[in-house]
Amino acid sequence: MSDMIRLEEVYKKIEDSQAEMVSSLSALISVPSVSVKTPGDKPFGENVHKAYEMMMGYGQDAGFLTYNADNYGGHIEFPGSGAGIIGIAGHLDVVPEGEGWDHEPYSGDVVDGFIWGRGTIDNKGPVVASFYAMKALKECGYVPEKSIRMILGLDEETNWDGMRYYLSHVDRIPDCGFTPDADFPVIRAEMGILIFDIVKKLPASRGKGLELRGIKGGTVPNAVAENARAVICDTTGGGYEYIKAMVNKAREEKGWKINCKGLGKSFEITVKGVPAHGAMPELGQNAITILMEFLGGLNFLNDGVNDFIKFYNECIGFNLHGEKIGCYMSDEDSGQLKFNVGMIDVDKNTADLKINIRFPVTCARDDVYDGIMNVIDKYGMGIVKGEYQAPIYFPEDNELVQTLLDVYRKHTGDMETAPIVTGGGTYARALPNCVAFGSLFPGDPELEHQRNERVEISKLVQMSKIYAEAIYRLAGQAM
């Protein structure tokens, strides 16, 4: 039997498994698996553990081997005849769902040819598509030369502690592979990632006047903040009519979704923006930035508060590339640095901004920090360094890149779209000789980390076929 006939049988098996694939994904979507650090034997919370057990169960039912690294992560293995290992690294945790969905975010509803819900794209849908690719290959009698391991991460959206634990406990690390957690045709480079805090101590307020009681905004560093809220109080007993007028003017003239209302003796101002992934802040509208620009029109009793607001508007504002805060950089492969304010938390003592930066592959993190410090020192502010992920880079003619590109082109007929350099951060950084491969097709809406996340069933099937051939090409066939 020829290789082509064998692969055609695999594609037919995937098509015949569509209903089962949809059912499996819908069940997985119904679990709200937002990772929460938890003491005990479920380190990322009950819901993440439930999704993990469900996926491992799929693997066991299909006759694959499974390995569990103390519930920090594990793998589903299709054993090969040789010594090598191909890795397929995905994750089962999701970002918080947010508001404004047309279908319940954990419903797994199947409507008009789509499966709806948080995780359908990022990353449960591609994990399920890859699993059914493995399953179809196995059921068609394929015996790989290299073992195939589907690695299941459980806190990719937060700290990657699970992946680090898994890799330190597993017997062998894959030789190469892919993660189905980005875009087609293939990602050949990922920009460096920094997450850190910019902090400022606020002096005590003295006297009477307009006080800022607090600001809250955003839910995670790596997403454009959809919501922000400030509470203020006029301790002189004055009214807030002039602030109401400012809110109305801003709403009418700038089109902002900004509102206000009384809150006891205080006054609340809320803003709704447009969420987006932190790697693509240009696709969103940051509610924190809108709120800070509005607050810049007020004069607070506390000079430290005024200085902090002034700093934000002068050095960050609506600039998305670090232009005014001293860290602008770019290169030919990556383009410009991406700067996102993901969260804000201000109380009477401290102002804290959580920043998420994607910097070009040829640049260094110290250059980013040095440039920012040169600016924020003048405002009496400091940096608390957090997560760092080094950039990864493969030239376009790399063998793995070209193999996956060839598979994609064969299945789509798209000969124009070139390998991509992205600001996203995937598990490709965690494994040797690994790249991100799909699952978003060119022209598809970027719905990961946003409301109404959904995957088209026909494309779920198509990506499963693509992953089946990629696995076949990378793992080889036992002789």
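Quick look at the structure, then.

Section: the sheet that holds strand β3 (residues 85-91)
Across a sheet, strands are paired by hydrogen bonds formed along the backbone, either parallel or antiparallel in direction. The strand order across the open sheet formed by 6 strands is β1-β2-β6-β3-β7-β22, and the pairing between neighbours is mixed. Because the sheet does not close on itself, it has two edges, and the strands there are β1 (65-68) and β22 (434-436). Ignoring which end each strand starts from, the neighbouring axes of this sheet average 20 degrees apart. Strand direction decides the pairing type here: β1 and strand β2 (residues 74-78), joined by 4 bridges, are antiparallel. In the sheet register, Asn68 faces β2, and the bridge partner there is Gly74. Across the sheet, helix α3 (residues 46-61) is in contact with β1, β2 and β6 (147-153); its angle to β1 comes to roughly 155 degrees. Contacts from helix α5 (residues 161-169) reach β1, β2 and β6 within the one sheet, and its direction differs from that of β6 by about 145 degrees.

Re the layout of surface pockets
Of the voids in this model, the largest pocket is the one considered here, and its volume is about 850 Å³. What lines the largest pocket is a set of 48 residues, and nearest its centre among them are Glu157, Asn222, His277, Arg358 and His449. Broken down by secondary-structure element, the contributors of at least two residues to the lining of the largest pocket are β8 (182-183), β10 (192-201), β17 (338-346), β18 (350-359), β19 (382-389), β21 (420-422) and β23 (439-440). Within this model, the second largest pocket holds a volume of roughly 310 Å³. Lining the second largest pocket are 20 residues; nearest its centre among them are Pro96, Gly98, Thr219, Val224 and Glu226. Of the residues that constitute the lining of the second largest pocket, the class distribution is 7 nonpolar, 7 polar and 6 charged.

Brief notes about the pattern of salt bridges
Here the structure, examined in full by the defined rule, presents 27 salt bridges. For Asp345, the salt bridge goes to Lys216, with nearest N and O atoms at 3.2 Å. Here Asp345, found in strand β17, pairs with Lys216, found in strand β11 (residues 210-217); they are 129 residues apart in sequence, far enough to count as distant. According to the relative accessible area criterion, Asp345 is partly exposed, its value standing at 34%. The closest approach of N and O atoms between Asp406 and Arg473, which form a salt bridge, is 3.0 Å.

Some thoughts on the pairing of strand β7 (residues 176-179)
Alternating residues of β7 divide into Cys176 and Phe178 and Gly177 and Thr179, and every residue in both groups is buried. Relative to β7, β3 is paired through 3 bridges, and the arrangement is parallel. When the bridges of β7 are listed, Gly87 appears paired with Gly177. Where β7 meets β22, 3 bridges bridge the pair, whose relative direction is parallel. Bridge pairing in β22 links Gly177 to Cys434.

Examining the sheet that holds β11
An order of β13-β14-β12-β11-β17-β18-β10-β19 is seen for the 8 strands of this open sheet, with the pairing classed as antiparallel. Every interior strand has two partners, whereas the edge strands, β13 (257-263) and β19, have only one. Pairs of neighbouring strands in the sheet enclose a mean axial angle of 25 degrees, with direction left out of account. Judged from the 10 bridges that link them, β10 and β18 form a sheet pairing that is antiparallel. Bridge pairing links Ile195 to Asn356 in β18.

Rules used in this analysis
Residues numbered from 1 in each chain as written. Predicted model: local features only at pLDDT ≥ 70, side-chain atom pairs only at ≥ 80, totals over all residues. Heavy atoms only, no water. Pairing = 2+ DSSP bridges. Helix = DSSP H or I, 4+ residues; strand = E, 2+ residues; numbered from the N terminus. Axes fitted to C-alpha atoms, helices over the stretch in contact; angles between N-to-C directions. Contact = heavy atoms within 4.5 Å. 1 Å grid on protein atoms, 1.4 Å probe; cavity = no way out; pocket = protein on both sides within 12 Å on 5 of 7 lines; lining within 4 Å. Points joined across faces, edges and corners; volume = space filled by probe spheres on them. Nonpolar A, V, L, I, M, F, W, Y, C, P; charged D, E, K, R; others polar. Salt bridge = Lys/Arg side-chain N within 4 Å of Asp/Glu carboxyl O. Buried < 20%, exposed > 50% of the residue type's maximum accessible area, 1.4 Å probe, protein only.

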